[in-house]
Amino acid sequence: TSGKLNMSASLLAAEEEEQAQLDATGLMHGAFRGGLAGAMVCLARADHLRLAESCRILRRWTTPFVRTWTARPWEGVGDPPVAQIAARFPMLQVVDVRNCRRFTDASVAALAAGCPKLTSVDLCGCNDITDASVEALAAGCPKLTNVNLWFCNRITDTSVTTLAAGCPQLTRVDLRGCGEIND
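I will try to describe carefully the structure that is included in this document. (Residues numbered from 1 in each chain as written. Predicted model: local features only at pLDDT ≥ 70, side-chain atom pairs only at ≥ 80, totals over all residues. Heavy atoms only, no water.)

**Remarks on the packing of aromatic side chains**
So, step 1. All told, the structure shown has 1 aromatic pair when counted by the stated rule.
So, step 2. In this arrangement the basic side chain of Arg-176 is found over the ring face of Trp-150, its NZ or CZ atom lying 4.0 Å from the centre. (Phe/Tyr/Trp six-rings, centres within 6.5 Å; stacked < 30°, edge-to-face > 60°. Lys NZ or Arg CZ within 6 Å of the ring centre and 35° of its normal.)

**Here's the deal with helix H5 (residues 79-88)**
So, step 1. Along H5, the residues classified as buried are Val-82, Ile-85 and Ala-86. Along the axis of H5, the buried positions cluster into a sector of 100°, meaning they face one direction only. Pointing more than 90 degrees away from the buried face of H5 are the exposed residues Pro-80, Gln-84 and Ala-87. (Buried < 20%, exposed > 50% of the residue type's maximum accessible area, 1.4 Å probe, protein only. Helix = DSSP H or I, 4+ residues; strand = E, 2+ residues; numbered from the N terminus. Arc of directions from axis to C-beta.)

**Some remarks on the pattern of salt bridges**
So, step 1. Tallied over the entire structure, the rule returns 5 salt bridges.
So, step 2. Ionic pairing is found between Arg-72 and Asp-96, a salt bridge with its closest N-O pair at 3.1 Å. Within this pair, whereas Arg-72 is found in the loop between strand E1 (68-70) and H5, its partner Asp-96 is found in strand E2 (residues 94-96), the two being separated by 24 residues in sequence. Side by side, Arg-72 and Asp-96 carry an identical accessibility label, which is buried.
So, step 3. Here Asp-174 ties to Arg-176 by a salt bridge, and the two come within 2.6 Å at their closest N and O atoms.
So, step 4. A relative accessible area of 6% means that Asp-174 is categorised as buried.
So, step 5. What you see here is one network of salt bridges that share partners, running through Arg-72, Asp-96, Arg-98 and Asp-122. (Salt bridge = Lys/Arg side-chain N within 4 Å of Asp/Glu carboxyl O.)

**Structural notes on the sheet that holds strand E4 (residues 146-148)**
So, step 1. The strand order across the open sheet built from 5 strands is E1-E2-E3-E4-E5, with neighbouring strands paired in parallel fashion. Single-partner strands in this sheet number two, and they are E1 and strand E5 (172-174). Averaged over neighbouring strand pairs, the angle between their axes works out to 5° when direction is ignored. (Pairing = 2+ DSSP bridges. Axes fitted to C-alpha atoms, helices over the stretch in contact; angles between N-to-C directions.)

**Observations regarding the side chain of Thr-130**
So, step 1. Note that Thr-130 resides in the loop between strand E3 (120-122) and helix H7 (131-140).
So, step 2. Owing to a relative accessible area of 16%, Thr-130 belongs among the buried residues under this scheme.
So, step 3. The contacts of Thr-130, once residues within four sequence positions are left out, are Asp-105, Arg-154 and Ile-155. (Contact = heavy atoms within 4.5 Å.)

**Let's talk about the environment of Ser-133**
So, step 1. When you line up the elements, Ser-133 lands in helix H7.
So, step 2. Along the sequence, Ser-133 and Ser-159 sit 26 residues apart, while their C-alpha atoms lie 8.6 Å from each other.

**Some words on the packing of H5 against helix H6 (residues 105-114)**
So, step 1. Running from amino to carboxyl end, H5 crosses H6 at an angle of 5°, the nearest separation of the two axes being 8 Å. Between H5 and H6, the crossing angle belongs to the class labelled roughly parallel. Each of Asp-79, Val-82, Ala-83 and Ala-86 in H5 lies in contact with H6, whose residues at this interface are Ala-106, Ser-107, Ala-110, Leu-111 and Gly-114. (Parallel < 35°, antiparallel > 145°, perpendicular 65-115°, else oblique.)

**Topic: the packing of H6 against H7**
So, step 1. As a packed pair, H6 and H7 sit with axes 9 Å apart at the nearest point and diverge in direction by 0°. When the axes of H6 and H7 are compared, the pair comes out roughly parallel. Judged by residue contacts, Asp-105, Val-108, Ala-109 and Ala-112 of H6 engage Ala-132, Ser-133, Ala-136, Leu-137 and Gly-140 from H7.

**Notes on unusual backbone geometry**
Outside of glycine, negative phi angles account for most residues, and trans bonds account for most peptide bonds.
So, step 1. One non-glycine residue, Asn-99, lies in positive phi territory at about 65°.
So, step 2. By secondary structure assignment, the location of Asn-99 is in the loop between E2 and H6.
So, step 3. A relative accessible area of 31% means that Asn-99 is categorised as partly exposed.
So, step 4. Backbone geometry at Phe-151 places phi at a positive 60°, although glycine is not the residue there.
So, step 5. Tracing the sequence through the fold places Phe-151 in the loop between E4 and helix H8 (157-166).

Right, here's the structure in full:
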């Protein structure tokens, strides 16, 4: 009986894994209808990234196509997961982490080092970032065109000047609510 029980448990586990893969595939093809590349570009939220990582097939397809990552405060994104995301998805172009209070200089440094193709970064309300974050972006992400630093109260004129020098394609920097900016 014990052998049958183990065999049944193994079959059940295999069946559940197969169903998870089918669910993920259905999500990809049904919900995004933009083809594989369109589906992968839409895997922006942390829960979608976790889904892709948990499925062997999606994991293989995901990495080259993810271009946008959006995190929200309730997802609790901090330094270790950001470093993993930056390492796993080097083709990211747009990062939106507005109001993610756990986002620190280490998080931004990981993104800047791991994602040199970034064109847009929204750090609005990430109160723990300092000039070090802005300088890391300037050094690691020369393709930036849009940076939102709204209410990043620890940013100063020095780093904004460095950002402008390091990112020649920069067209928009939002500094509203940055109390340390003088000019």
